[in-house]
Amino acid sequence: AQTVTQSQPEMSVQEAETVTLSCTYDTSESDYYLFWYKQPPSRQMILVIRQEAYKQQNATENRFSVNFQKAAKSFSLKISDSQLGDAAMYFCAYRSIDSSYKLIFGSGTRLLVRP
Amino acid sequence: DVKVTQSSRYLVKRTGEKVFLECVQDMDHENMFWYRQDPGLGLRLIYFSYDVKMKEKGDIPEGYSVSREKKERFSLILESASTNQTSMYLCASSTNSRAKNIQYFGAGTRLSVL
């Protein structure tokens, strides 16, 4: 069975600085999707970024980028030029390519942004 | 804009009560999901549905049931609420399209069982 591990329960970053959130996963599959979701204090979870495992190029979305290391089964999220609005819970998630449905989530990392 | 609406943000119920959590999506999505979110555990899948009247158990279905009579609505039912079901419940929906396999979430329902 696949598992997702986020080893940092909480991280803190100064506004305008860069922070990296870690995620590792375990799978025997060769093709899959990986996601980072953000859950602000209002609780509506939104997608930040998505990576398809067969694509070697790291995904980017504006200030958000990932470092996808397939061999190491690592999928970290880098937030550049951090803003106060980035403060939230961040969840890493895995989805099998064969499954239309199931996301497997990590335990989450709470990001604090210091003004 | 995509919208998933959960009927209540906060609920307080007594042990033994039957509890209904409602979720509605307006995106004509085939798939709908119920998750439970607890600190340090992330999100765990309770049940999901891939079509009207179809359902499958997730990782933690015990003590819960679901109903999907219409495509846009997915209900989570706690037949006899217990204190260990105090939690945040999140509903989500997604399309079957492999290219657009993103789950969209509601704002959550914080349930307290006393």
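For the structure itself, look to the data block above.
What this report covers is the structure whose coordinates are included nearby. No experiment lies behind these values; they were computed from the predicted model shown.

Across its full length, chain A holds zero helices and twelve strands. Along the chain direction, N to C, the helices and strands of chain A fall in the order β-β-β-β-β-β-β-β-β-β-β-β. Across its three principal directions, the C-alpha atoms of chain A cover 45 × 25 × 20 Å. Counting across all 115 residues of chain A, residues that qualify as buried make up 50%. Across chain A, the fraction of contacts at a sequence separation of at least 24, relative to all contacts at a separation of at least 6, is 54%. When the accessible area of chain A is evaluated, it comes to approximately 5,500 Å², of which 45% is carbon and sulfur surface. The distance from the centre of the 12 positive side-chain charges to the centre of the 11 negative ones in chain A is 3 Å.

Looking now at the pattern of salt bridges. Using the criterion set out here, one finds ten salt bridges over all chains in the structure. Between Glu79 of chain B and Lys18 of chain B there is a salt bridge, and its shortest N-O distance comes to 3.5 Å. Residue Glu79 of chain B is found in the loop between strand E8 (73–78) and strand E9 (87–94), and its partner Lys18 of chain B is found in the loop between strand E2 (10–13) and strand E3 (19–25); the two are separated by 61 residues along the sequence. Note on Lys18 of chain B: relative accessible area 46%, which makes it partly exposed. Notably, a salt bridge pairs Asp28 of chain B with Lys71 of chain B, separated by 3.1 Å at the nearest N-O pair. Pair noted here: Asp28 of chain B is in the loop between E3 and strand E4 (31–38) and Lys71 of chain B is in the loop between strand E7 (65–70) and E8, with a separation of 43 residues, a long-range link. Through salt bridges with shared partners, a single ionic network connects Arg50, Glu52 and Lys55 of chain A.

Reading the values: rules and limits
Residues numbered from 1 in each chain as written. Chains lettered and ligands numbered in written order. Predicted model: local features only at pLDDT ≥ 70, side-chain atom pairs only at ≥ 80, totals over all residues. Heavy atoms only, no water. Helix = DSSP H or I, 4+ residues; strand = E, 2+ residues; numbered from the N terminus. Buried < 20%, exposed > 50% of the residue type's maximum accessible area, 1.4 Å probe, protein only. Contact = heavy atoms within 4.5 Å. Areas by Shrake-Rupley, 256 points an atom, 1.4 Å probe, with all protein chains shown as cover. Lys, Arg positive; Asp, Glu negative; His and termini not counted. Charge placed at Lys NZ, Arg CZ, Asp CG, Glu CD. Salt bridge = Lys/Arg side-chain N within 4 Å of Asp/Glu carboxyl O.

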